[in-house]
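Each chain, written out:
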Amino acid sequence: MNSNLKRRLINKIFVALCTLSTLLAIGMLALILGSLIINGAGGLHLSVFTQDQPSPGMSGGLRNSIIGSIAMCLAAMIIAVVLGILAGTWLSEYSRNSKYGRAIHFLNDVLLSVPSILVGLFVYEIMVRPFHGFSGFAGAVSLALLAMPIVTRTTEDMLQLQPDTLREAGMGLGASQGLVIRSIIWKAAAPGLLTGGLLGFARISGETAPLLFTALGNQFLTFNMSEPMGSLPTTIFQFAMSAYDDWRNLAWVGALLIAMAVLTINILGRVMTRGGKR
Amino acid sequence: MTKNENMVEDLEQFIAPPPTENLNLEARNLDFYYGTHQTLFNVSLPVERNKITALIGPSGCGKSTLLRILNRIYALYPQQYAVGRVLLDGKDILTDHNTLSRLKDRGDQVELDPLDCDISQIRARIGMVFQKPTPFPMSIYDNVAYGVRLHFNKSRQEIDGIVERALHRAALWDEVKDKLKDSGLSLSGGQQQRLCVARGLAVEPEVLLLDEPASALDPVSTARLEETLMELKKDLSIVIVTHNLQQAARISDYTGFMYLGNMIEFCSTDRLFARPKTRRARDYLTGRFG
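Residues numbered from 1 in each chain as written. Chains lettered and ligands numbered in written order. Predicted model: local features only at pLDDT ≥ 70, side-chain atom pairs only at ≥ 80, totals over all residues. Heavy atoms only, no water.

1. Side note on the sheet that holds strand E9 (residues 237-241) of chain B
Residues and elements named next belong to chain B.
- Reading across the sheet, the seven strands line up as E1-E11-E10-E4-E9-E8-E7 and stay open at both edges, with mixed pairing between neighbours. The open sheet has two free edges, formed respectively by strand E1 (14-15) and strand E7 (126-129), since each of these has just one partner strand.
- Where E1 and strand E11 (residues 262-268) come together, two bridges link them in parallel fashion. Each residue of the ladder has a partner; that of Ile15, found in E11, is Phe266.
- Against the sheet, helix H1 (residues 63-70) makes contact with strand E4 (52-56), E7, strand E8 (207-211), E9, strand E10 (254-259) and E11, and its axis sits at roughly 150° relative to E8, the strand it touches most.
- Along the sheet, helix H8 (residues 219-232) makes contact with E4, E8 and E9, crossing E9 at roughly 150°. (Pairing = 2+ DSSP bridges. Helix = DSSP H or I, 4+ residues; strand = E, 2+ residues; numbered from the N terminus. Contact = heavy atoms within 4.5 Å. Axes fitted to C-alpha atoms, helices over the stretch in contact; angles between N-to-C directions.)

Dropping the structure here:
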């Protein structure tokens, strides 16, 4: 009787603590999103997308930064998805239980948690200094290095979820291992591979530090990735620290745009994986 | 031979194989190893043409392992290897230059120069259906056409015909003819299993291996599958591993009883179920163990 009471009390406390922690986490998220919307939504005009970065006191928008961000993220994702899926496939299909496989798996996990500023410095050393200039390409490479380990890891996990009987069935028909992977295993794991790509994209879309060392930023519109390139995070970094109200307002708008993009991508990823389960 | 935990003391065997000239596939004196662990001991299995051969025995006795040697699917796993002979229409399909030395190590007289045979062709001639249905993540049509496109250079119309015929033979056509473009995963478990049979049949194999194909199916689906197999044996030879003794008795012509990696008794199904010769087969069939 007494012990029963005690058990129920402990249970109540535990549930209360769990609920409290959840509320705290959700509350933080709500606060962040809330302040972004309050401060950013007001400045969200069409001109944000049609005009370039202004001088202080002038009217302007974020077009050059948005285009720079899209260009660099897109290039980074192409690199990261191609290399990441191939690497993840090698880890899952060709090097299971091998010494090299385990070593690469571990190194990839290390890469997964490398501070992004180190990646920025690394790319600065190998791409910016030798070519004497900051460039959108260098920015894309640094972002790719951040997204690739995520894509690799997700690919490996998702391919390993596919049952061995599926591989055996494919090879039992006389298909080679490579063909089975390309025509059956990748297809079966497609929703998971997509999620990996989206996770990688969500990770890099807000990265600032590596871009400061590689793409630098550019207050003018450019489509040439061999020049310094603007991006939303670097512009936010520059504007938010400034003394000008209109710059700070644009920084809020930029932050809101990134948050919305990441949110949309995450929701998309969820919907797509659910569609694939069935 | 060193003493092994799986060695059966006082090995009592009874083997009454069908006449040699009717054999489509034959396993001879197979040993099998998972790494250093031996799981099959000198097992032989004759498979007569246009008959159903069943393999029964308690879990872990090596039935599935034996089946997986016959089309060399075990070779996907580098630590597994088989020593012995598997003859498809008299030609050795197991021995290649890697396993030849193992045969010699074992002291076998190797009389023929082994060829490195094309494993892809072997697997086209010996189809396999697994315990769990394994439809590919593509349409019903593409599932059946997968092997055809792999092995033959056929026109679109020819493939259409082959797919339809294979689905007919697997007794699935009437259920799927209006939704060939639907995903293979949208079918029920029994239909998926018959889809896998159709997929194997489409490449016109001589032998079909089935590893407990009905264990995940309900009784109605099982009955349909059994009917299908009875129909199919007119064209090809079938080896089926089953835990279901009634199933073996119902559909098979020959039955092999395995125990701890040994083939204990092999003879016609009627004879094995009516008058088992060995004590172990008798005990197993009467439910005294297993």
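From this point, things continue past the structure.
2. A short note on the interface of chain A and chain B
- Counting residues at the interface gives 18 residues for chain A, matched by 24 residues for chain B.
- Taken over both partners, the interface formed by chain A and chain B buries close to 1700 Å², and the fraction arising from carbon and sulfur atoms is 66%.
- Summed over the shared surface of chain A and chain B, the result is one salt bridge.
- Arg68 of chain B serves as the salt-bridge partner of Glu168 of chain A, at 2.8 Å between the closest nitrogen and oxygen.
- Between chain A and chain B we count five residue pairs in polar contact (both at pLDDT 80 or more) in total.
- At the level of elements, helix H7 (164-172) and helix H8 (177-188) of chain A are the ones that each hand at least two residues to the side of chain A that touches chain B.
- Grouping the amino acids of the side of chain A that touches chain B by side-chain chemistry returns nine nonpolar, five polar and four charged. (Buried area = accessible area lost by both parts, 1.4 Å probe. Salt bridge = Lys/Arg side-chain N within 4 Å of Asp/Glu carboxyl O. Polar contact = N/O pair within 3.5 Å; in protein donor to acceptor, adjacent residues only side chain to side chain. Nonpolar A, V, L, I, M, F, W, Y, C, P; charged D, E, K, R; others polar.)

3. Digging into the nonpolar core
Residue and element names in this part refer to chain B.
- In terms of nonpolar packing, the biggest core is built from 49 residues, with Leu45, Leu66 and Ile69 touching the most fellow members.
- For Leu45, the contacting residues outside a window of four places in its chain are Leu25, Glu26, Ala27, Thr53, Leu55, Leu66, Leu70, Val239, Met263 and Phe266.
- Counting 47 residues, the second-largest nonpolar core is a separate cluster that includes Phe14, Val129, Tyr141 and Leu180. (Core = buried A, V, L, I, M, F, W, Y, C linked by side-chain atoms within 4.5 Å. Buried < 20%, exposed > 50% of the residue type's maximum accessible area, 1.4 Å probe, protein only.)

4. Quick look at the UniProt feature "transmembrane region" (unreviewed entry) in chain A
- Here the UniProt feature "transmembrane region" (unreviewed entry) sits at residues 12-38, 66-91, 103-124, 130-151, 184-204 and 250-269 of chain A.
- The span residues 66-91 of chain A is 100% helical and 0% strand by assignment, and the distance between its end C-alpha atoms comes to 36 Å. (UniProt positions renumbered as here; feature names shortened; annotations may be inferred.)

5. A word on the pairing of E4 of chain B
All names here are of chain B.
- Counting buried positions along E4 gives five out of five residues, so the element sits mostly inside the fold.
- Side chains Ile52, Ala54 and Ile56 of E4 all project onto a buried face; the interleaved residues Thr53 and Leu55 project onto the opposite face, where all are buried too.
- Both E4 and E9 contribute to a ladder of four bridges, which runs parallel. In the sheet register, Ile52 faces E9, and the bridge partner there is Ile238.
- Looking at chain direction, E4 and E10 are connected through four bridges and run parallel. In the strand pairing of E10, Thr53 is matched with Tyr254.

6. Overview of the environment of Leu257 of chain A
Residue and element names in this part refer to chain A.
- Topologically, Leu257 is positioned in helix H12 (residues 245-277).
- Leu257 gets classed as buried once you look at its relative accessible area, which sits at 18%.
- For the pair Leu257 and Ala202, spaced 55 residues apart in the sequence, the C-alpha separation amounts to 13 Å.
- Look past the residues within four positions of Leu257 in its chain and what remains in contact with it is Leu44, Val48, Phe49, Leu62, Ile66 and Leu232.

7. Observations concerning the confidence of the model for chain B
Residue and element names in this part refer to chain B.
- Taken as a whole, chain B shows an average pLDDT of 88; of its residues, 93% reach a score of 70 or greater.
- Ranking the elements of chain B by mean pLDDT puts helix H2 (residues 97-105) last, at 75, and E4 first, at 96.
- Taken as a whole, residues 1-5 scores under 50 in pLDDT and shows five contacts with residues more than four places along the chain or in a different chain.
- The ipTM for the predicted assembly is 0.84, set against a pTM of 0.84. (pLDDT = per-residue confidence, 0-100.)

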